[in-house]
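# Descriptive analysis of the structure
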Amino acid sequence: RTEGNLNTMFGLPCVWFSSIAAYEDMRIWVTLAAGHPARQPPAKRRSLDAVNQVFYEEMAVYALEDSQSAARLRKCLLSAKLFDKETKRFLRRMNDGEYDTRNRPTLQVTGLSKSFSATGSDDFFPVDLQRPSEKPAELGIELLFFDNRSG
């Protein structure tokens, strides 16, 4: 194969996720980065639906262009921080049993798989970047290639 050329004889490359959590996390990151408006006006608690369609094949085509593109995509998928374009804030997941003692506004993403979350939703709240103990959630998806050369 020549770098920069994708053999499209058999269509776009296939993309698989190793877990439901990785798939749902990608949908959450895309939803918030795209800046889809919430279903209700801003308040203490926002709620929005996760996007239903993400074109993962486009990422695969980009990664197949050359090794530099693949390296960029790998780094991005591993370390992408959760950012809410609507509020222009970094977010982190609420841990099990955690409640917001500082009364910060929360964000709920709905429309997720019940296999991922029993409620079909996931809760997040803004990160206070002034506090060193708080860090934005990272996507943490590892990019792997499988082809006739790598097994």
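A brief structural summary. (Residues numbered from 1 in each chain as written. Predicted model: local features only at pLDDT ≥ 70, side-chain atom pairs only at ≥ 80, totals over all residues. Heavy atoms only, no water.)

To continue, consider the pattern of salt bridges. Across all of its chains, the model carries seven salt bridges by this definition. Note that Arg93 and Asp122 form a salt bridge whose closest N and O atoms lie 2.7 Å from each other. In this pair, Arg93 is assigned in strand E3 (residues 89–93) and Asp122 in strand E5 (residues 121–126), connecting sequence segments 29 residues apart. One salt bridge in this structure joins Glu134 and Arg131, with 3.7 Å as the shortest N-O distance. Taking the relative accessible area as the measure of exposure, Arg131 reaches 36% and is therefore partly exposed. (Salt bridge = Lys/Arg side-chain N within 4 Å of Asp/Glu carboxyl O. Helix = DSSP H or I, 4+ residues; strand = E, 2+ residues; numbered from the N terminus. Buried < 20%, exposed > 50% of the residue type's maximum accessible area, 1.4 Å probe, protein only.)

Further remarks concern the packing of aromatic side chains. Counted according to the given criterion, the structure contains four aromatic pairs. When the ring of Phe17 is compared with that of Tyr23, the centres are 5.6 Å apart and the planes differ by 70°; the resulting orientation is edge-to-face. Exposure remark for Tyr23: the relative accessible area of 30% places this residue in the partly exposed category. Seen in terms of ring centroids, Phe83 and Phe90 are 5.1 Å apart; in terms of plane orientation they differ by 65°. Their pairing is edge-to-face. (Phe/Tyr/Trp six-rings, centres within 6.5 Å; stacked < 30°, edge-to-face > 60°.)

Within the secondary structure, Arg46 sits in strand E1 (residues 45–49). Each C-alpha atom, one on Arg46 and one on Leu107, is 4.7 Å from the other, the two residues being 61 residues apart in sequence.

With that settled, the discussion passes to the nonpolar core. The biggest cluster of nonpolar side chains holds 24 residues, and the ones touching the most others in it are Ile28, Trp29, Leu32, Leu82, Val109 and Leu139. A total of five residues in this core trace back to one element, the largest contributor, which is helix H1 (residues 20–34). When near neighbours in sequence (up to four residues on either side) are disregarded, Leu139 contacts Asp25, Met26, Trp29, Leu77, Leu78 and Ala80. (Core = buried A, V, L, I, M, F, W, Y, C linked by side-chain atoms within 4.5 Å. Contact = heavy atoms within 4.5 Å.)

Let us look at the side chain of Glu134. When you line up the elements, Glu134 lands in the segment after E5. Taking relative accessible area as the criterion, Glu134 reaches 7% and is therefore assigned buried.

Our next topic: unusual backbone geometry. Phi angles above zero are rare outside glycine, and Lys88 is one such case at about 55°. Counting through the fold element by element, Lys88 comes out in the loop between strand E2 (83–84) and E3. The class for Lys88 is exposed, based on a relative accessible area of 63%.

A separate point is the packing of helix H2 (residues 56–65) against helix H3 (residues 67–79). Helix-helix packing is described using two parameters, namely the angle between the two axes and the distance between the axes. Where H2 contacts H3, the two axes come as close as 6 Å, and the packing angle between them is 135°. On the basis of their axis angle, the class for H2 and H3 is oblique. Within the contact between the two elements, H2 uses Met59, Tyr62, Ala63 and Glu65 and H3 uses Ser69, Ala70, Arg72, Leu73 and Leu77. Its residues placed into classes, the contact of H2 with H3 shows six nonpolar, one polar and two charged. (Axes fitted to C-alpha atoms, helices over the stretch in contact; angles between N-to-C directions. Parallel < 35°, antiparallel > 145°, perpendicular 65-115°, else oblique. Nonpolar A, V, L, I, M, F, W, Y, C, P; charged D, E, K, R; others polar.)

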